[in-house]
There are 2 protein chains.
Amino acid sequence: MKPIKNNRGGVRLGAGRRPGSGLYGEETKVMRVPRSSVSNIKKYLNLSRLNNIDNISLARDEITYNPLVLFEHKVPAGFPSPADDHVEKRLDLNEYLIKKSDATFFVKIKGDSMIDASINDGDIVIIDRSIQAKIGDIVLASVDGNFTIKTLSKHKLKPRLLPANEKYKPIEIDDNTQFELWGVVTGAVRKFK
Amino acid sequence: MKPIKNNRGGVRLGAGRRPGSGLYGEETKVMRVPRSSVSNIKKYLNLSRLNNIDNISLARDEITYNPLVLFEHKVPAGFPSPADDHVEKRLDLNEYLIKKSDATFFVKIKGDSMIDASINDGDIVIIDRSIQAKIGDIVLASVDGNFTIKTLSKHKLKPRLLPANEKYKPIEIDDNTQFELWGVVTGAVRKFK
DNA sequence: CATTTGAATATTGTAACATTAATCAAATAT
DNA sequence: ATATTTGATTAATGTTACAATATTCAAATG
């Protein structure tokens, strides 16, 4: 009888599967959820995993109000100092970009798949889900598992998504297409420094 | 010693807690989810439970709102906040985009000269005067009395302003040119609606 | 007759488990 | 000598098990 050799393997540094090598690249946790929500949660996890959403954050409960001087670009000579009290036009970014903070959330964009809407890697888009999407709005939607920001259109009573760039073709939504509207994109911010 | 009487209860029809008497009024299931999604999922479950929201559908366009978008809503006050290990990210646009509000002002962009830097007509850029401009920075400058936003460059020891659009030519700064740096563009915001 | 008590039963969060997947060096094949 | 196979090792993943809690109801108690 041949002896079974099993001196392969053994305790070795770095052996075995690597932490974070799972589906989500991070630690997981079990949680109890109602049965009817399981499929929605799975869909959400799939979408956020597969696509270019970096993270989703909410508006802070207590939003700051910090209006600063705004110049139109046609500023004439005699450019007034921002410290000048005579400058009448002031702007607050929260006020300017957020209408309903309860219904607003932010999505940090990963990758360049939304570049056709002038939205680049690292940008944060502002999404209001309290707005009923109308034809012509820029919307955040998922189409067959891919997040995209496109202009909502309609064709033969079916939704159609128009890119803001002629390089890309419109996306027709038929009955075989997974399609969900996540909200209306009301703005975008970018940080250079 | 007193004998313990335990002839209370017993097998009785209808005894005990009722099925469906739980938080969600339906059967539950455990599922494994990434740790960073736990708080969002909890929030979503709380809200769909409290608001009795299923899928909101716009029959006309056959568009379905995914109920998970609801997690941008605030958790109602008084609702027991589970002690999450996960620190939830909340965003304040003023804090995110403005470092020194004393030295910051906004300029609304007209024209398409910065379109390659994804700064479009109508965008508002955020300018910090306290930052020392470096080569490569996008800056607000005045050249011969005209304000312009360009990328700062250098050519033969002289500053040069590069537009981010091939249609436009670089602006060379010589000794006869009035030139003043007003600040560094640290961010940009755009409003779609 | 109202209140208390405790067995019965479901919910709920978490631990435990079995299965699958990934990793790497020794063993084997070419 | 180099490539492939093998199997121990370790983590991920889905499910079950379990303990603690909550609810219900009739018997016991006052």
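Refer to the structure printed above.
Residues numbered from 1 in each chain as written. Chains lettered and ligands numbered in written order. Predicted model: local features only at pLDDT ≥ 70, side-chain atom pairs only at ≥ 80, totals over all residues. Heavy atoms only, no water.

## A short note on the overall build of chain A
Part 1: When helices and strands are tallied, chain A shows two helices and eleven strands.
Part 2: Seen in sequence order, chain A has helices and strands lined up from the N terminus as β-α-β-β-β-α-β-β-β-β-β-β-β.
Part 3: Evaluated residue by residue, chain A yields a buried proportion of 44% over its 193 residues.
Part 4: Here the analysis covers contacts within chain A between residues at least 6 apart in sequence; of these, 56% occur between residues at least 24 apart.
Part 5: About 11,000 Å² of surface is accessible on chain A, with carbon and sulfur atoms providing 51% of the total. (Helix = DSSP H or I, 4+ residues; strand = E, 2+ residues; numbered from the N terminus. Buried < 20%, exposed > 50% of the residue type's maximum accessible area, 1.4 Å probe, protein only. Contact = heavy atoms within 4.5 Å. Areas by Shrake-Rupley, 256 points an atom, 1.4 Å probe, with all protein chains shown as cover.)

## A short note on the nonpolar core
Part 1: Among the nonpolar cores identified, the biggest contains 24 residues, and Ile41 and Val125 of chain A together with Val33 and Ile41 of chain B are the most heavily contacted of them.
Part 2: Looking at this core, the elements that each hand over two or more residues are strand 1 (28–34), helix 1 (38–50), strand 5 (104–109), strand 6 (124–128) and strand 11 (179–191) of chain A together with strand 1 (28–34) and helix 1 (38–51) of chain B.
Part 3: With near-sequence residues (within four places) excluded, Val125 of chain A lies in contact with Phe105, Phe106, Val107, Ile109, Ile119, Ile149, Val185, Gly187 and Ala188 of chain A. (Core = buried A, V, L, I, M, F, W, Y, C linked by side-chain atoms within 4.5 Å.)

## Focus on the pattern of salt bridges
Where charged atoms of side chains with opposite charge meet at close range, the side chains can pair.
Part 1: Evaluated as defined, the whole model comprises nine salt bridges over all chains.
Part 2: Note that Lys193 of chain B is salt-bridged to Asp137 of chain A, the shortest N-O span being 3.0 Å. Highlighted residues: Lys193 of chain B in the segment after strand 11 (179–191) and Asp137 of chain A in the loop between strand 6 and strand 7 (138–143), drawn from two different chains.
Part 3: By relative accessible area, which is 32% here, Lys193 of chain B ends up partly exposed.
Part 4: Between Asp175 of chain B and Lys158 of chain B there is a salt bridge, and its shortest N-O distance comes to 2.7 Å. With Asp175 of chain B in the loop between strand 10 (171–172) and strand 11 and Lys158 of chain B in strand 9 (residues 158–162), this residue pair connects regions lying 17 residues apart in the sequence. (Salt bridge = Lys/Arg side-chain N within 4 Å of Asp/Glu carboxyl O.)

## Here we look at the environment of Thr28 of chain A
Part 1: In this structure, Thr28 of chain A sits in strand 1.
Part 2: Not counting the four nearest positions on each side in its chain, Thr28 of chain A is found in contact with Arg32, Val33, Pro34 and Arg35 of chain B.
Part 3: A distance of 3.2 Å separates polar atoms of two side chains, one belonging to Thr28 of chain A and the other to Arg32 of chain B. (Polar contact = N/O pair within 3.5 Å; in protein donor to acceptor, adjacent residues only side chain to side chain.)

## Observations regarding the packing of aromatic side chains
Part 1: Under the counting rule described, the total for this entry stands at zero aromatic pairs over all chains.
Part 2: Here Lys191 of chain A stacks its cationic end above the ring of Tyr96 of chain B, 4.4 Å away from the centre of that ring. (Phe/Tyr/Trp six-rings, centres within 6.5 Å; stacked < 30°, edge-to-face > 60°. Lys NZ or Arg CZ within 6 Å of the ring centre and 35° of its normal.)

## Structural notes on empty space enclosed by the protein
To find leftover empty space, one rolls a probe the size of a water molecule over the atoms.
Part 1: A complete count under the given rule lists one cavity of 30 Å³ or more for this structure.
Part 2: By volume, the largest cavity amounts to about 30 Å³.
Part 3: Along the walls of the largest cavity sit Asp123, Ala188 and Arg190 of chain A together with Asp123, Ala188, Val189 and Arg190 of chain B, which together make up its complete lining.
Part 4: Sorting the residues of the lining of the largest cavity by element identifies strand 11 of chain A together with strand 11 of chain B as the ones contributing at least two each. (1 Å grid on protein atoms, 1.4 Å probe; cavity = no way out; pocket = protein on both sides within 12 Å on 5 of 7 lines; lining within 4 Å. Points joined across faces, edges and corners; volume = space filled by probe spheres on them.)

## Side note on the side chain of Ser37 of chain A
Part 1: Along the chain, Ser37 of chain A turns up in the loop between strand 1 and helix 1.
Part 2: Since its relative accessible area comes to 6%, Ser37 of chain A is described here as buried.

## Quick word on the pairing of strand 3 (residues 68–72) of chain A
Part 1: Within strand 3 of chain A, four of the five residues are buried, leaving the element largely enclosed by the surrounding structure.
Part 2: Note: strand 3 of chain A against strand 4 (residues 90–91) of chain A, two bridges, orientation antiparallel. Looking at strand 4 of chain A, one finds that Leu68 of chain A is bridged to Leu91 of chain A.
Part 3: Judged from the three bridges that link them, strand 3 of chain A and strand 5 (residues 104–108) of chain B form a sheet pairing that is parallel. In the strand pairing of strand 5 of chain B, Leu70 of chain A is matched with Phe106 of chain B. (Pairing = 2+ DSSP bridges.)

## Concerning unusual backbone geometry
Most peptide bonds take the trans configuration, and most residues that are not glycine carry a negative phi.
Residue and element names in this part refer to chain B.
Part 1: You will see that Lys156, though not glycine, has its phi angle at about 55 degrees, which is positive.
Part 2: Here Lys156 is to be found in the loop between strand 8 (146–155) and strand 9.
Part 3: For Lys156, a relative accessible area of 70% corresponds to the exposed category.

## Points about the environment of Gly136 of chain B
All names here are of chain B.
Part 1: Here Gly136 shows up in the loop between strand 6 (124–128) and strand 7 (138–143).
Part 2: What makes Gly136 partly exposed here is its relative accessible area of 46%.
Part 3: Along the backbone, Gly136 and Leu161 are 25 residues apart, and their C-alpha atoms lie at a distance of 9.8 Å.
Part 4: Not counting residues up to four positions away in its chain, the partners in contact with Gly136 are Thr151 and Leu152.

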